[in-house]
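Letter by letter, the chains look like this.
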Amino acid sequence: MPTAVNSATYAAVPIGTVPTTLTINGETRTRAIEPWTTLLDLLREGEDLIGTKKGCDHGQCGACTVLVDGRRINSCLKLAVTLDGAEITTIEGLGQPGDLHPLQSAFCDHDAFQCGYCTPGQICSAQGLINEGKAKTREEVRELMSGNLCRCGAYSNIIDAVLDVIGEQA
Amino acid sequence: MNRFDYARPASVAEAVQAGAGEQVRYLAGGTNLIDLMKENVDRPMTVIDINRLPLDAIEELDGGGLRLGALVPNSNTAWDARVEQRYPLLSSAILAGASPQLRNAATNGGNLNQRTRCYYFYDVATPCNKREPGSGCGAIGGVNRIHAILGASDQCIATHPSDMCVALAVLDATVQVTGPDGDRAIPIADYHRLPGDEPWRDNTLKPGELVTGIDLPAEDFTQNYTYLKLRDRLSYAFALVSIAVVMRVEDGTIAEARVALGGVAHKPWRSTEAEKLLKGQQPSPQAFGAFADALLAGAVGQGENDFKILLARKGIIRALKQAAEATPQSQTDKRVA
């Protein structure tokens, strides 16, 4: 009697891809990923998490900032396959409509955006800044938020929002 | 980005074996390499992911120094309590560079090996002897505001963009490497090189060699130091000119001073000969100015960057004053005192 081959076992990894397990916003997913795929493209195009934005795609604007194991990085300059086993948090994982993260509420309260394109990156970056615990004063927050450009120029309100949340936590 | 084979070796020996081939690149934080690959400036056939190698610690060295693992992120290095206390210049220089996100990903080894930000090097539609040997230099006679004033050649006027390396230059750090021919230690002064007639070579690594760590000597400078970075924006911009200084002051006299410049040459620019002028001097604008003239001897502008010569001279004098007075430049409050 022929043994049935479980085709799923053999077809799981397309040629040229690397099986990679990522926990994204609390959900563990294993994917066969082409090694030249950036984390940013994986999130937006592979996982349909389009909250993370592509701005410059060269590490010069910060719009793509996400948290990897709690640390903020530019997802556009990170190959997804190098993160096997990591925990990724995107803006969708921080808060949702009706259940906003304190930073999201503070950005609303302080009018800390106009077009909103940089905002997911700003908020993930601010959470990374809070995790680092190095910024206490206005000057320190300004300097340590400098990796996120806002072409609408909402900077002063962004700093107000971040300071507000740091103050609440202190 | 071109397609490539991906390997993730489990040991340094395996990595070096895989790294010996043609068109192979070691991938650490990726903040420079991935960008270069997106621009088609670099098109490796094989990418070796070294992120799982055990080179991610900062360790005490026998005799009092520190070894900074090649894979320790820049931010972890800058905020390591031992580095902050014993090598505050290094912390300051790292924090002056890039952005928090980039520093979280970029590693110490990658910082050493990052490539120039010359516009022509990045633009594959233009000639560049560094990217395409023999094709010419677009920057000479072109747009060259950010380019070299010292040590350039008629083939390349690119600068090394690192802040960290400028600090390492005055700390007399040593780069530890391993490769097909075994381990060796390279003094930081000999690690990067001037372009000469081989501008495609940024450093003296041999094919397949891998940086494993950076050793800092026991001698620390915790009072009289500064990292002064002058740039077009206050943050998140490469240096037009930067100045790293460490100094020992005894009874109001300079017992020793070391000065390196960033943003002005293909490598951190330092002259131990010129530094002798400061030894035994009392801190003064005259002594600092004479030193600046000696360090900048032979400086040549390329047109748009002529201003860098005067900017460097004034910056050197200001940085020496900051170091002598033990008032290092803050990387948060950017006002220059």
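Conventions we followed
- Residues numbered from 1 in each chain as written.
- Chains lettered and ligands numbered in written order.
- Predicted model: local features only at pLDDT ≥ 70, side-chain atom pairs only at ≥ 80, totals over all residues.
- Heavy atoms only, no water.
- Domains from an automatic or database assignment.
- Contact = heavy atoms within 4.5 Å.
- Buried area = accessible area lost by both parts, 1.4 Å probe.
- Salt bridge = Lys/Arg side-chain N within 4 Å of Asp/Glu carboxyl O.
- Buried < 20%, exposed > 50% of the residue type's maximum accessible area, 1.4 Å probe, protein only.
- Core = buried A, V, L, I, M, F, W, Y, C linked by side-chain atoms within 4.5 Å.

As recorded in an unreviewed UniProt entry, chain B goes by the name Xanthine dehydrogenase family protein subunit M, listed as coming from Sphingobium limneticum.

The name given to chain A in an unreviewed UniProt entry is 2Fe-2S iron-sulfur cluster binding domain-containing protein, with Sphingobium limneticum as the source organism.

## Thoughts on the domain arrangement of chain A
Quite often, the size of an interface is put as the accessible area lost when its parts meet. All names here are of chain A. Each assigned domain of chain A is listed with its residue range as follows: domain 1 (7-94) and domain 2 (102-169). For domain 1 versus domain 2, the distance between C-alpha centres works out to 24 Å. Listed by partner, the interface residues are 17 residues for domain 1 and 17 residues for domain 2. Between domain 1 and domain 2, a total of about 1300 Å² is buried, with carbon and sulfur atoms accounting for 57% of that surface. Summed over the three residues of domain 1 that lose the most area to domain 2, namely Arg-72, Ile-91 and Leu-94, the buried surface amounts to 43% of that side.

## So, the pattern of salt bridges
Per the counting criterion, the structure on display carries 34 salt bridges over all chains. Between A:Glu27 and A:Arg29 there is a salt bridge; the shortest N-O distance is 3.5 Å. For A:Glu27, a relative accessible area of 46% gives the class partly exposed. Measuring nitrogen to oxygen at the nearest pair gives 2.9 Å for the salt bridge that ties B:Asp80 to B:Arg82. Accessibility expressed as a relative area gives 13% for B:Asp80, which makes it buried. Of the residues examined, B:Arg82 reaches a relative accessible area of 27% and is grouped as partly exposed. Linked by salt bridges that have partners in common, B:Asp172, B:Glu219, B:Arg248, B:Glu250, B:Glu256, B:Arg258, B:Arg270 and B:Glu275 make up one network.

## Some remarks on the nonpolar core
In this structure, B:Leu89, B:Leu90, B:Leu112, B:Leu168 and B:Leu216 are the most contacted members of the largest nonpolar core, which totals 65 residues. Judged by nonpolar contacts, the second largest core, of 32 residues, contains A:Ile24, A:Val68, A:Val81 and A:Ile88.

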